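# Coordinate analysis (summary)
The chain contents come next:
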Amino acid sequence: MKLTGRDAQAFFRKPDPTRAGVLLYGEDAMRVAHRRQEVIAALVGPEGEAEMRLTRISGAELRRDPAMLLDAIKAQGFFPGPRVAFVEEAGDGLADIVSRALEDWREGDAQVIVTAGQLAARSKLRKLFEGHRNALAIGIYSDPPGREEIEAALSKAGLEQIDRAAFDALEALGRALEPGDFRQVLEKLALYKLDDPAPLTPEEVAACAPASIEAELDDVLNVVAEGRSAEIGPLVQRLEGQGVTPVTLLIMAMRHFRVLYALASSPGGPQAGLQKLRPPLFGPRRDRMLRQAQGWSADGLEAALGMLMDTDLSIRSAGQRAPAMALVERGFVRLAWLRNRR
């Protein structure tokens with residue numbers, strides 16, 4: 001059977017121990033591993049591996065010794081409780097071996113968990129699990145977590161009281177971060193709010209969000225949008241020293257100024273534009289972007305976007321000999337000058 005959407009999320013929250021096997025597949029190995037860990041932990045508990053109720057088998061080992069999987073399914077350990085036989089890095093070449101193991105599976109045997117990379121619809125392994133009467137196939141895709149998934153993760157982390165704006169902030173983080181990083185943010189927030197009955201706020205989400213080079217990118221973009229031209233050079237040089245490319249700087253600048261343009265050109269003004277913005281802004285960044293949008297006119301921001309596009313064309317031009325980062329820095333200074341003219 002194939003599980004998708006809400007059915008898949010429900011299974012991840014509470015795996016069915018009566019199933020003979022589960023196939024988890026997808027091109028993002030980290031996301032697949034995260035789901036596999038979640039399922040196995042729910043089935044065998046935190047002490048499952050220490051109590052030898054979890055058997056790990058690599059795809060290469062199973063190809064060399066096809067009997068390993070059936071032996072792991074039927075083996076009886078010293079400790080009571082559910083057992084799992086986990087096969088990692090599987091492929092279509094193992095479909096026949098896994099098929100025989102599933103057919104010999106009986107109630108009380110170890111549940112088979114198989115992980116694989118991206119599998120086409122005609123994949124033998126995928127068809128095996130999708131067509132089996134007592135097995136499941138779940139594709140893991142690179143989609144951001146949905147509202148139900150975030151709510152379940154928050155509940156698991158012990159976070160019950162959450163401000164609406166804070167939830168919007170977490171949704172934005174879920175879209176921006178890898179699953180493992182997002183889970184760490186939730187764990188950090190749970191510790192941060194331990195024994196604190198007050199609702200979680202957007203400021204607290206921002207304080208626990210991972211710091212990265214994007215913070216310094218935001219710094220230079222804020223400086224440009226606020227017309228502080230004297231600070232542009234040192235910030236650009238620092239980012240260049242950290243390996244940020246001129247093209248990346250321009251892409252981020254165009255994204256920043258498009259948001260400002262959306263706010264400034266909103267029929268109800270920048271404040272009304274904030275309510276419609278998707279993904280939403282939150283925390284101190286929301287207030288700062290609002291102030292920046294209020295300091296520009298829609299026409300000025302349209303001109304700024306045109307200047308950024310001209311700079312992008314210049315650095316990509318085949319006949320251009322000037323250093324690309326110098327052209328970007330000059331373009332940023334011109335934007336700051338444009339801001340101060342208004």
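Being a predicted model, the structure only gives us computed values, none of them experimental.

## With respect to a nonpolar patch on the surface
Side chains of Met 52, Phe 78 and Phe 79 sit close together on the surface and give an oily, nonpolar patch of about 390 Å² of accessible area. The residue Phe 78 is located in the loop between helix H4 (67-74) and strand S4 (84-90) in this model.

## A look at the pattern of salt bridges
All chains considered together, the criterion is met by 15 salt bridges. One salt bridge connects Arg 35 with Glu 38, and the closest N-O pair in it is separated by 2.7 Å. Placement of both Arg 35 and Glu 38 in helix H2 (residues 29-44) is noted, with a separation of 3 residues, approximately one turn of the helix. By relative accessible area, which is 8% here, Arg 35 ends up buried.

## Looking at unusual backbone geometry
One non-glycine residue with positive phi stands out, namely Met 52, at about 60 degrees. Inspection of the secondary structure assignment puts Met 52 in the loop between H2 and strand S3 (54-58). Met 52 sits in the exposed class, given a relative accessible area of 53%. Despite not being glycine, Asp 195 shows a phi value in the positive range, around 65 degrees. Tracing the backbone through its elements, the reader meets Asp 195 in the loop between helix H9 (179-192) and helix H10 (202-208). Judged by relative accessible area, Asp 195 falls into the exposed class, the value being 75%.

## Focus on the side chain of Gln 292
Considering the arrangement of structural elements, one finds Gln 292 in helix H15 (residues 283-294). Overall, the relative accessible area of 3% leaves Gln 292 in the buried class. Those residues in contact with Gln 292, other than ones at most four positions away along the chain, are Asn 222, Ala 225, Glu 226, His 256 and Leu 260.

## Section: the environment of Arg 330
Examined against the element boundaries, Arg 330 turns out to sit in helix H17 (residues 324-341). Classification of Arg 330 by relative accessible area gives exposed; the value is 54%. Taking C-alpha positions, Arg 330 is 9.3 Å from Ile 232, a pair spaced 98 residues apart along the chain.

## A few points about the sheet that holds strand S1 (residues 2-3)
The 6 strands are arranged S1-S6-S2-S5-S4-S3 in an open sheet whose pairing can be described as parallel. Taken across any chain shown, the strands that pair with only one partner, and hence form the sheet edges, are S1 and S3. As defined by bridge partners, S3 adjoins S4 across 5 bridges and the pair is classed as parallel. By the bridge assignment for S4, Ser 58 is matched with Glu 88. Those strands touched by H2 are strand S2 (21-25), S3, S4 and strand S5 (111-116), and its axis lies near 170 degrees from that of S5.

## What to know about the packing of aromatic side chains
Following the criterion strictly, the structure yields 2 aromatic pairs and no others. Taking the centre distance of 6.3 Å and the plane angle of 65 degrees together, the rings of Phe 11 and Phe 12 count as edge-to-face. The same class applies to Phe 11 and to Phe 12, which are both buried. Between the aromatic rings of Phe 257 and Trp 296, the centroid separation amounts to 5.6 Å while the plane-to-plane angle is 90 degrees, which identifies the pairing as edge-to-face. You can see Phe 257 sitting in helix H13 (residues 246-264) and its partner Trp 296 sitting in the loop between H15 and helix H16 (298-316), a full 39 residues away along the chain. Each member of the pair Phe 257 and Trp 296 is classed as buried.

Criteria and thresholds
- Residues numbered from 1 in each chain as written.
- Predicted model: local features only at pLDDT ≥ 70, side-chain atom pairs only at ≥ 80, totals over all residues.
- Heavy atoms only, no water.
- Patch = residues over 30% accessible without salt bridge, like charges linked within 9 Å, V, L, I, M, F, W, Y side chains within 5 Å.
- Areas by Shrake-Rupley, 256 points an atom, 1.4 Å probe, with all protein chains shown as cover.
- Salt bridge = Lys/Arg side-chain N within 4 Å of Asp/Glu carboxyl O.
- Helix = DSSP H or I, 4+ residues; strand = E, 2+ residues; numbered from the N terminus.
- Buried < 20%, exposed > 50% of the residue type's maximum accessible area, 1.4 Å probe, protein only.
- Contact = heavy atoms within 4.5 Å.
- Pairing = 2+ DSSP bridges.
- Axes fitted to C-alpha atoms, helices over the stretch in contact; angles between N-to-C directions.
- Phe/Tyr/Trp six-rings, centres within 6.5 Å; stacked < 30°, edge-to-face > 60°.

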